[in-house]
Amino acid sequence: MEIIGIDLGGTNLRAGVVRDGVLQPVVSRPLKARGSRLEVTEQIFGIIDEMIDDDTTAIGIGVPGLVDPVSRILYDVVNIPAINETDLRGILEQRYRLPVKIENDANCFALGEYHFGVAQPYRSVVGLTIGTGLGAGIINNGRLLAGKHGGAGEFGMISYLDKNMEYYVSGRFFEHVYKTQGEIVYRRAVEGDIEASYMYDDFGRHLGEAIKLVLYVLDTECIVIGGALKAAFSFYARSMWETVRGFAFQRSVPELKIAASVLPGSNVLGAAALHLSPRTNSRVNN
């Protein structure tokens, strides 16, 4: 089986071929995110045309927005406004005469980890993508949980303290609370800066509260952290776990797996995995 997986981001378009469960080299192109609908779709056509061949069986795409589970129309694609209210699946199926599946990018991240990454031993998984925002993909008993309108897992929108969860659990936390950039804090932490370490401790406590919220709602087995903040996991893991250990139902905590993603191309793999059964024998070529 050969599937083209595409990660449609706010700045870059990334794609790769997943052949018999192995991800081939990923291609990345700058995306004209503020371009017209024609410009954006032409870029998608271009990267597919580079990869498609007679062995291609399907195409999967992750988008930074919501997908109506019935009509498959895209909506709330804030970073790529031209494709809002678009039947991108229909456009691609008509052009390539192949089955196409489209899903929210956080859902694709969770699927990628479930089929190919650290979440493979588990049946209930939440993938938390922590970047400019906070997104989540939910695998419940081996199946993706998207919700009636495709918006399941938007924990970042839940009210928390004086704002919402995303305000305190995203890469913009450092800008919001400490008036600095996350990249600067990370660099300082790597150099052993005490103040940067304190900032990460603070972030970890907020993340721990978000994880407790996820546990109260879903009682999941495994949480995988992706996005820009995964690289700093070692700096906030301690305070995160200290907070999670305050979870009311203590039996859940020792059995809970929380890990940062180490899977290259997890969103691309997850987009391809939209065409896989709930669990197949999968492997990834690092």
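A brief report on the enclosed structure follows. (Residues numbered from 1 in each chain as written. Predicted model: local features only at pLDDT ≥ 70, side-chain atom pairs only at ≥ 80, totals over all residues. Heavy atoms only, no water.)

**Observations concerning the packing of helix H3 (residues 105–116) against helix H9 (residues 266–273)**
Convention followed: Axis definition: a line fit to C-alpha positions, over the contact stretch in the case of helices; interaxial angles, taken between N-to-C directions, run 0 to 180 degrees. Helix and strand assignments come from DSSP, with helices taken as H or I runs of at least 4 residues and strands as E runs of at least 2, each series counted from the N terminus. Small angles under 35 degrees read as roughly parallel and large ones over 145 as roughly antiparallel, with 65 to 115 read as roughly perpendicular and the rest as oblique. We call two residues contacting when some pair of their heavy atoms lies within 4.5 Å. All residues other than Ala, Val, Leu, Ile, Met, Phe, Trp, Tyr, Cys, Pro, Asp, Glu, Lys and Arg, Gly among them, are scored as polar; the first ten of these are nonpolar and the last four charged.
H9 packs onto H3 with a crossing angle of 85 degrees between their chain directions and a minimal axis gap of 7 Å. As judged from the angle between their axes, H3 and H9 are roughly perpendicular. Here H3 contributes Asp 105, Cys 108, Phe 109, Leu 111, Gly 112, Glu 113, His 115 and Phe 116 to the contact with H9, which in turn contributes Ser 266, Asn 267, Leu 269, Gly 270, Ala 271 and Ala 273. Its residues assigned to classes, the contact of H3 with H9 shows seven nonpolar, five polar and two charged.

**A short note on the sheet that holds strand E11 (residues 143–144)**
Selection rule: Pairing between strands is defined by DSSP: at least two bridges between the two strands are required.
As summarised here, the arrangement of the five strands in space is E11-E10-E9-E14-E15, forming an open sheet in which the pairing is mixed. This sheet does not close on itself; its edge strands, each paired only once, are E11 and strand E15 (257–260). Inspection of the sheet shows strand E9 (residues 125–130) paired to strand E10 (residues 134–140) by six bridges, in the antiparallel sense. Paired with Thr 129 across the two strands is Gly 135, which belongs to E10. Each of strand E14 (222–226) and E15 is contacted by helix H8 (residues 233–244), which is oriented at about 160 degrees to E15, the strand it contacts most.

**Thoughts on the pairing of strand E1 (residues 2–8)**
Applicable threshold: Burial classes: relative accessible area under 20% of the type maximum marks a residue as buried, over 50% as exposed, and values in between as partly exposed (1.4 Å probe, protein chains only).
Burial within E1 is extensive, with seven of its seven residues counted as buried. Across the two faces of E1 the burial is the same, with Glu 2, Ile 4, Ile 6 and Leu 8 and Ile 3, Gly 5 and Asp 7 all buried. Relative to strand E2 (residues 12–19), E1 runs antiparallel, the two being bridged by seven bridges. From the neighbouring strand, Ile 4 faces E2, where its bridge partner is Val 17. The loop that links E1 with its antiparallel partner E2 comprises three residues. With six bridges connecting them, E1 and strand E5 (residues 56–63) associate as parallel partners. Opposite Ile 6, over in E5, you have Ile 61 as the bridge partner.

**Things to note about unusual backbone geometry**
If a residue is not glycine, its phi is most likely negative; likewise, a peptide bond is most likely trans. Phi is positive for Asp 20, which is not a glycine, with a value near 50 degrees. A positive phi angle, close to 60 degrees, is found at Glu 85, a residue other than glycine. Tracing the sequence through the fold places Glu 85 in the loop between strand E7 (74–75) and helix H2 (88–96). A relative accessible area of 57% means that Glu 85 is categorised as exposed.

**With respect to H3**
Helical geometry note: an α-helix holds 3.6 residues per turn, so side chains three or four residues apart project in the same direction. The condition that has to hold: Multiply 1.5 Å by the residue count of a helix minus one, and that product is the helix's expected span. Polar contact is defined as a pair of N or O atoms within 3.5 Å, subject to the rule that within protein one atom must be able to donate a hydrogen and the other to accept it, and that residues adjacent in sequence are counted only when both atoms are side-chain atoms.
In this model, H3 (12 residues) spans 16 Å end to end at C-alpha, consistent with the 16 Å of a helix rising 1.5 Å per residue. Burial within H3 is extensive, with 11 of its 12 residues counted as buried. Where H3 begins, the side chain of Asn 104 points an oxygen toward the backbone nitrogen of Ala 106, at a separation of 2.9 Å.

**Concerning the pattern of salt bridges**
Applicable threshold: Note on definitions: salt bridges are taken to be side-chain nitrogens of Lys or Arg within 4 Å of carboxyl oxygens of Asp or Glu.
Evaluation of the coordinates by the stated rule reveals 11 salt bridges. Between Glu 50 and Arg 29 there is a salt bridge, with the nearest N and O atoms lying 2.9 Å from each other. Taken as a pair, Glu 50 in helix H1 (residues 37–51) and Arg 29 in strand E4 (residues 27–30) lie far apart in primary sequence, 21 residues in all. Assessed through its relative accessible area of 35%, Arg 29 is described here as partly exposed. One network of salt bridges, with partners in common, ties together Arg 188, Asp 193 and Glu 195.

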